[in-house]
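As a plain string of letters, each chain reads:
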Amino acid sequence: MIKVAHIITGLSVGGAEGMLLEILRRIDRSTFDCRVLSLTGEGPLAEEFRKIGIITDTVTFGASPAALIATLDLIRWLRDFGPDVVQTWMPHANLIGAGAALAMGIKARCWSLHAGNLDRKYYSNSTYAIIRLSAALSKWLPNRIISCSRRGWEAHERIGYDPTGALIIPNGVDVERMSPHPIARELVRSEIGIDLHTPLVGMIARFDPQKNHMGFLIAAGLINEIDPSVHFVLAGDRADGSNSVLVDTIHRGGLTDRFHLLGRRNDIPSLLSALDVLASPSHGEAFPVALIEAMACEIPCVVTNAGDSAAIVGETGRVVECGNMRGLAQGILELLQLPKMKRRELGQLARLRVLQHFDINQTVLMYEGVYRTLMKNASLLPPGSEKRQSRGLSE
């Protein structure tokens, strides 16, 4: 049995958190004993981990002396669990978790990178400082660095992350759960008050500057000028009626009766099935899971060239440059104006692309392979040795 400790910055709803949940939902429990530690207390996903039988613990980092107490709690947690492999998720956990693992003499340490745009303006001073410090320590702290996207890795390498032992493992999706639901299409549309023939464009993302909701509103306004029959859905954390920034901007654009703000939803396959097109206007991404979820549900996508978005969509949708909201609007209109059968064929090709490249079961097998390799390599190292492995992106 290989014990794997997953240390993550928090358990809120997000791409990295969701991917960890899906990996542990499917990992071979007869081979891997996994536990999760959150560094910022419990979040909305903590209960979801417990539902699948994963022990989830927390420590809470804050200002000194709380940080010292949390560090001691983290070390005690590692000592009590005794993991063979420590995988950390996101910048704070990468630095703190791998540092604690090194202090405990745990040889198999793995970082996980889930950021695509490292532009300074999108990060707090403390987080950006941790990202830069991690770059300086990346040659010594981890034995492996996993990035969920190639463009994301390139961004990290440009600021000094060491490529030795770096590996790309793309995110995956449950292709059985994420599939077209014709009945759900009718139910969701009935819920929001539109019929089956109304063109519906969606954006599913938490409200965050990098996701560029304001850009989507601009694109929606341009679309409305040409085809006022189109309706729009926003779903995700803070993409709801309590968000005064969204509500006021939509009102000023005269689009209140065209927008449906649904907030965080647990019925994503149903919601996606109600759409005709999914839009991703992001300034920055690594590997957006919402894209492969939509594609698995046979919904064609229009995306900006953020992170690996263009490579994910391929020829099954439309791609424009980041910030080009006129181009985004044009791409959406092009798809909406296609004959229904042609748009359906694009959706079917999109699902086939996900089946071939982004099945969550393939992702899980790759992570399991990393843990086995780390375990094997660690067992060959003499006590106190922290020799890095030479295999990397070409593996």
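**Side note on the packing of helix α11 (residues 289-296) against helix α14 (residues 340-357)**
- Interhelical geometry of α11 versus α14 gives an angle of 120 degrees and a closest axis separation of 7 Å. Here α11 lies oblique to α14, going by the angle between them. Between α11 and α14 lies a crossing whose hand is left-handed. Facing Ile-292, Met-295 and Ala-296 of α11, the residues of α14 in contact are Gly-347, Ala-350, Arg-351, Arg-353 and Val-354.
- Of the residues assigned to the contact of α11 with α14, the class counts are 5 nonpolar, 1 polar and 2 charged.

**Overview of the sheet that holds strand β8 (residues 200-204)**
- The strand order across the open sheet built from 6 strands is β10-β9-β8-β11-β12-β13, with neighbouring strands paired in parallel fashion. At either margin of the open sheet sits one strand with a lone partner, and together these are β10 (259-263) and β13 (318-320). Here the average twist between neighbouring strands, direction ignored, is 20 degrees.
- The pairing of strand β11 (residues 277-280) with strand β12 (residues 301-304) spans 3 bridges and is parallel. The partner of Ala-279 across the bridge, within β12, is Val-302.
- Each of β8, β9 (231-235), β10 and β11 is contacted by helix α8 (residues 213-226), which is oriented at about 170 degrees to β9, the strand it contacts most.

**Some points on a nonpolar patch on the surface**
- Taken together, Leu-349, Leu-352 and Leu-355 make up a surface patch of nonpolar side chains, about 250 Å² in accessible area.
- Among the structural elements, Leu-349 can be located in helix α14.
- With relative accessibility at 46%, the residue Leu-349 sits in the partly exposed group.

**So, the packing of aromatic side chains**
- This structure, assessed with the given rule, holds 10 aromatic pairs.
- Seen in terms of ring centroids, Phe-216 and Phe-259 are 6.2 Å apart; in terms of plane orientation they differ by 90 degrees. Their pairing is edge-to-face. A residue pair is termed long-range when its members are at least 10 positions apart, and Phe-216 in helix α8 and Phe-259 in strand β10 qualify at 43 residues. Across this residue pair, the class does not change: Phe-216 and Phe-259 are buried.
- When the centroid spacing of 5.4 Å and the interplanar angle of 70 degrees are considered together, the rings of Phe-287 and Phe-358 count as edge-to-face. Here Phe-287, found in the loop between β11 and α11, pairs with Phe-358, found in the loop between α14 and α15 (360-380); they are 71 residues apart in sequence, far enough to count as distant.

**Describing the nonpolar core**
- One finds Leu-24, Phe-49, Leu-272 and Leu-278 to be the most contacted residues of the largest nonpolar core, which totals 69 residues.
- Counting residues per element, this core draws most heavily on α15, which supplies 7 residues.
- Excluding anything up to four places from it in sequence, Leu-278 contacts Gly-202, Met-203, Ile-204, Leu-272, Ala-290, Leu-291, Ala-294, Ile-299, Pro-300, Cys-301 and Val-302.
- Formed by 29 residues, the second largest nonpolar core is a distinct cluster that contains Met-203, Leu-222, Leu-234 and Phe-259.

**Comments concerning the packing of α8 against helix α9 (residues 244-252)**
- It is the contact of α8 with α9, at a shortest axis distance of 11 Å, that shows an interaxial angle of 20 degrees. As far as their axial angle goes, α9 and α8 are roughly parallel. Read as a crossing pair, α8 and α9 show a hand that is right-handed. The residues of α9 that touch α8, namely those facing His-213, Met-214 and Leu-217, are Val-245, Leu-246, Thr-249 and Ile-250.
- Here the residues of the contact of α8 with α9 are counted per class, giving 5 nonpolar, 2 polar and no charged.

**Considering helix α4 (residues 91-103)**
- Taking 1.5 Å as the rise per residue, α4 with 13 residues should run 18 Å; its terminal C-alpha atoms sit 18 Å apart, in good agreement.
- Positive phi shows up at Gly-105, right after α4, with a value of about 80 degrees.

**Side note on the confidence of the model for the chain**
- Across the chain, the average pLDDT comes to 93, with 95% of residues at 70 or higher.
- The low-confidence segment residues 381-392, where pLDDT is below 50, has 32 contacts with residues more than four positions distant or belonging to other chains.

**A closer look at the pairing of strand β5 (residues 108-113)**
- Along β5, 6 of the 6 residues are buried, which leaves the element largely enclosed by surrounding structure.
- In the sheet, strand β4 (residues 85-89) pairs with β5 via 5 bridges, with the strands oriented parallel. Each bridged residue has a counterpart across the sheet, and for Gln-87 the counterpart in β5 is Cys-110.
- As a crossover connection, the stretch from β4 through α4 into β5 is right-handed.
- Pairing of β5 with strand β6 (residues 144-147), which is carried by 4 bridges, proceeds in the parallel orientation.

**Description of the pairing of strand β3 (residues 55-58)**
- Pairing of strand β2 (residues 32-38) with β3, which is carried by 4 bridges, proceeds in the parallel orientation. Within the sheet, the bridge partner assigned to Ser-38 lies in β3 and is Thr-58.

About the cut-offs
- Residues numbered from 1 in each chain as written.
- Predicted model: local features only at pLDDT ≥ 70, side-chain atom pairs only at ≥ 80, totals over all residues.
- Heavy atoms only, no water.
- Axes fitted to C-alpha atoms, helices over the stretch in contact; angles between N-to-C directions.
- Helix = DSSP H or I, 4+ residues; strand = E, 2+ residues; numbered from the N terminus.
- Parallel < 35°, antiparallel > 145°, perpendicular 65-115°, else oblique.
- Left-handed = near helix turned anticlockwise from the far one by under 90°.
- Contact = heavy atoms within 4.5 Å.
- Nonpolar A, V, L, I, M, F, W, Y, C, P; charged D, E, K, R; others polar.
- Pairing = 2+ DSSP bridges.
- Patch = residues over 30% accessible without salt bridge, like charges linked within 9 Å, V, L, I, M, F, W, Y side chains within 5 Å.
- Areas by Shrake-Rupley, 256 points an atom, 1.4 Å probe, with all protein chains shown as cover.
- Salt bridge = Lys/Arg side-chain N within 4 Å of Asp/Glu carboxyl O.
- Buried < 20%, exposed > 50% of the residue type's maximum accessible area, 1.4 Å probe, protein only.
- Phe/Tyr/Trp six-rings, centres within 6.5 Å; stacked < 30°, edge-to-face > 60°.
- Core = buried A, V, L, I, M, F, W, Y, C linked by side-chain atoms within 4.5 Å.
- Expected span 1.5 Å × (residues − 1).
- pLDDT = per-residue confidence, 0-100.
- Right-handed = clockwise from strand over helix to strand, strands pointing away.

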